Amino acid sequence: MTNEAIPPPVPALFPPREQRERVDDYLTRALADATARIKAGPVMPDIDMARFREALGAFDFRDPKPLEPLLEWVIDCMQHGTVHMTHPRYFGLFNPAPTFPSECADRIAGCFNPQLASSGSSPVPVAIEAHVIRSIARRAGLPEGVGGHFTTSGSEANYTALVCALTRANPRFAAEGVRAFSGPPVMYTSKECQPAWHKIAHQAGIGRQSLRLVDTDGTGRMDAAKLSAMVQDDLRNGAVPVLISPTAGTTGAGMVDPLEACAQIAQEHGIWCHVDAAWGGAALCSERLRGELAGIEHADSITIDAHKWFATTMGCGMFIARDPSVLNEAFGVGADFMPSTASSIDPYLNTVQWSRRFMGLRLFLSLATAGWAGYAGHVERAVEVVARIKIRLLTLGWASVNDSNLAVLCLLPPAGSAPVREIVRRLLASGRAWAAVATVEGQPVIRICATHGEISLHDVEELVEALNSQRRP
Ligand SMILES: *Cc1c(COP(=O)(O)O)cnc(C)c1O
């Protein structure tokens, strides 16, 4: 057999080095230009979707097209076809403008494309991820010996928590599933929880009815006395409580459930305690703010999303476990074909995923270059921005309805204004800023979160002025 018998590589997929460099250089500049244009334009998409669908439909993938005009087309469509998380007046749903180091990390991960399933294939990436996880865990106050891993999302991390809790609650769960339990396994979070918990209960096989939504105390925090009563009720009725998951930084109002009390109730009954700090976890970086999360150190496990307040590119969740040996009990398998089978470190033996991307590099590079102090500056700045917005709007007669010390503000307009939903509809139509409608303690509110790391006083004024001018009845 000679080399001539092998067809040449497909150049459109694997172009020569000179072409790659030229396109890379073009992309670098084109993306910087797009970022600048986005900041100067509307936050909302302004694309004609009917025309876009027509253009998209024209791709029948029969005739190959040159890459550079395609890239140009995609960037243009992205500029006009998404709500812009990278716009400093996106006061939105925890979705950040990404840190620059995390964008660099994505480029490196894309280039090497390491397979993070096994430490045999990727000894360095696996060690980097494990180091970052341990560092974050120690920052949360967990003892030596903690472990965990990066996940695609906070939802995956929360799902992992439930599977770990079930696995530890009954040694026969692994083989028999929920049939192993003497009664229905149940879990607890508050009614202000992130709604993915409903499908997590479904996916894990305990069923949506097994998700107990504990009442809040009127301020958006879980009522610990009600949690305790609910657990006792369930025990009396033959159910099996397996997991209590307080939220540290609720999606609606940025509130922190009583972490100490939840951990104590969990400990009394031998229930797994998982803190969902998907967004709020970044406050651990700040000496000034970390006290808000006091009690997180008692958790059996924690979710923190790097792609929320740590502002890495998406999706970059973290699951942290006090005793990581549970992960191998839950996710271990035999696989002779894999390059290594180190059950304590190989991600494919300890996580939901098998093939995996080098996600942790995003947080490693961001944290290494900014340090804890840099991240403290980032989260404290967000809190300061929200404080400024609050002061300005209270002066104009608006009311704040959440008492969060984190960077979420829930607002009601002065009496006689248009309904909250109408004000937000008008705000978005104006394209001047983005804010959400949320429901807190049963009441619709305007929700503002400082997610962009470069919000200026001018952006604050624009938001305040845009909101206030849209409140006419
Ligand atoms: C965002 C969020 C989640 C879900 O995380 P994803 O990364 O979006 O899957 C869960 N809980 C809380 C508190 C969140 O803020």
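Definitions and cut-offs
Residues numbered from 1 in each chain as written. Predicted model: local features only at pLDDT ≥ 70, side-chain atom pairs only at ≥ 80, totals over all residues. Heavy atoms only, no water. Near = heavy atom within 4 Å. Polar contact = N/O pair within 3.5 Å; in protein donor to acceptor, adjacent residues only side chain to side chain. Helix = DSSP H or I, 4+ residues; strand = E, 2+ residues; numbered from the N terminus. Nonpolar A, V, L, I, M, F, W, Y, C, P; charged D, E, K, R; others polar. 1 Å grid on protein atoms, 1.4 Å probe; cavity = no way out; pocket = protein on both sides within 12 Å on 5 of 7 lines; lining within 4 Å. Points joined across faces, edges and corners; volume = space filled by probe spheres on them. Pairing = 2+ DSSP bridges. Contact = heavy atoms within 4.5 Å. Axes fitted to C-alpha atoms, helices over the stretch in contact; angles between N-to-C directions. Buried < 20%, exposed > 50% of the residue type's maximum accessible area, 1.4 Å probe, protein only. Patch = residues over 30% accessible without salt bridge, like charges linked within 9 Å, V, L, I, M, F, W, Y side chains within 5 Å. Areas by Shrake-Rupley, 256 points an atom, 1.4 Å probe, with all protein chains shown as cover. Salt bridge = Lys/Arg side-chain N within 4 Å of Asp/Glu carboxyl O. Phe/Tyr/Trp six-rings, centres within 6.5 Å; stacked < 30°, edge-to-face > 60°. Lys NZ or Arg CZ within 6 Å of the ring centre and 35° of its normal. Parallel < 35°, antiparallel > 145°, perpendicular 65-115°, else oblique. Left-handed = near helix turned anticlockwise from the far one by under 90°.

## Focus on the site of the ligand
Step number 1: Surveying the vicinity of the ligand reveals 14 residues, the closest of which are Gly154, Ser155, Asp276, Asp305 and Lys308.
Step number 2: Glycine 154 is positioned such that a nitrogen or oxygen atom in its backbone is 2.7 Å from an oxygen atom of the ligand.
Step number 3: By residue number, the principal contributor to the shell around the ligand is helix H6 (residues 154-169), which donates 3 residues.
Step number 4: Considering only residue class, the shell around the ligand consists of 2 nonpolar, 9 polar and 3 charged.

## Brief notes about the layout of surface pockets
Step number 1: In this structure, the second largest pocket encloses a volume near 420 Å³.
Step number 2: Around the second largest pocket sit 22 residues that line it, and Ala130, Gly147, Gly148, Ser344 and Ile345 are the ones nearest its centre.
Step number 3: Broken down by secondary-structure element, the contributors of at least two residues to the lining of the second largest pocket are helix H5 (123-139), strand E1 (147-151) and helix H11 (325-331).
Step number 4: Ranked by the residues each element gives to the lining of the second largest pocket, the list is headed by H5, at 5 residues.
Step number 5: Class assignment for the residues of the lining of the second largest pocket results in 10 nonpolar, 10 polar and 2 charged.

## Description of the sheet that holds strand E8 (residues 399-400)
Paired through their backbone hydrogen bonds, the strands of a sheet run either parallel or antiparallel.
Step number 1: If you walk across this open sheet you meet the 4 strands as E8-E9-E11-E10, and the pairing is antiparallel. A strand with exactly one partner marks an edge of an open sheet, and here the two such strands are E8 and strand E10 (436-440).
Step number 2: Strands in contact with helix H13 (residues 420-430) are strand E9 (408-412), E10 and strand E11 (443-449); relative to E11, the strand with the most contacts, it is inclined by about 35°.

## Notes on the environment of alanine 263
Step number 1: Relative to the assigned elements, alanine 263 resides in helix H10 (residues 259-269).
Step number 2: By relative accessible area, alanine 263 is classed as buried at 7%.
Step number 3: Not counting residues up to four positions away in its chain, the partners in contact with alanine 263 are Cys273 and His298.

## Topic: a nonpolar patch on the surface
Step number 1: Nonpolar side chains collect at one region of the surface, where Val10, Leu13 and Phe14 lie side by side and expose about 330 Å² of accessible area between them.
Step number 2: Owing to a relative accessible area of 46%, valine 10 belongs among the partly exposed residues under this scheme.

## Description of the packing of aromatic side chains
Step number 1: Counted under the stated rule, the structure contains 10 aromatic pairs.
Step number 2: Seen from their ring centres, tyrosine 90 and tryptophan 434 are 5.1 Å apart, and the 35° between their planes marks the pair as tilted. You can see tyrosine 90 sitting in the loop between helix H3 (67-81) and helix H4 (100-112) and its partner tryptophan 434 sitting in the loop between H13 and E10, a full 344 residues away along the chain.
Step number 3: Here tyrosine 90 falls in the buried class, since its relative accessible area comes to 1%.
Step number 4: Residue classification places tryptophan 434 among the buried positions, given a relative accessible area of 12%.
Step number 5: Between the aromatic rings of tyrosine 348 and tryptophan 354, the centroid separation amounts to 4.7 Å while the plane-to-plane angle is 50°, which identifies the pairing as tilted.
Step number 6: Classification of tyrosine 348 by relative accessible area gives buried; the value is 1%.
Step number 7: Taking relative accessible area as the criterion, tryptophan 354 reaches 33% and is therefore assigned partly exposed.
Step number 8: Its end group placed over the ring of phenylalanine 59, lysine 65 keeps NZ or CZ at 5.8 Å from the ring centre.
Step number 9: A cation over a ring is seen here: arginine 139 above tryptophan 372, with NZ or CZ 4.7 Å from the ring centre.

## Some thoughts on the sheet that holds strand E7 (residues 317-321)
Step number 1: Spatial strand order, E1-E7-E6-E5-E4-E2-E3: 7 strands in an open sheet with mixed pairing. On the outer flanks of this sheet lie E1 and strand E3 (211-214), each paired with one strand and no other. For this sheet, the mean inter-axis angle between neighbouring strands, taken without regard to orientation, is 25°.
Step number 2: Both strand E2 (residues 185-190) and strand E4 (residues 240-244) contribute to a ladder of 4 bridges, which runs parallel. Bridge pairing links valine 186 to proline 241 in E4.

## Looking at the packing of H6 against helix H8 (residues 196-203)
Step number 1: Where H6 contacts H8, the axes come no closer than 10 Å and their chain directions differ by 45°. Taken together, the axes of H6 and H8 are oblique relative to one another. Where H6 crosses over H8, the two elements pack in a sense that is right-handed. For the pair H6 and H8, contact is made by Ser155, Asn158, Tyr159 and Leu162 and by Ala196, Trp197, Ile200, Ala201 and Gln203, respectively.
Step number 2: Partitioned by chemical class, the residues of the contact of H6 with H8 number 6 nonpolar, 3 polar and no charged.

## Digging into empty space enclosed by the protein
Step number 1: A complete count under the given rule lists 1 cavity of 30 Å³ or more for this structure.
Step number 2: Estimated volume of the largest cavity: approximately 70 Å³.
Step number 3: Forming the walls of the largest cavity are Phe94, Gln194, Thr247, Gly249, Thr250, Thr251, Asp276, Ala278, Trp279 and Lys308.
Step number 4: The class makeup of the residues in the lining of the largest cavity is 3 nonpolar, 5 polar and 2 charged.

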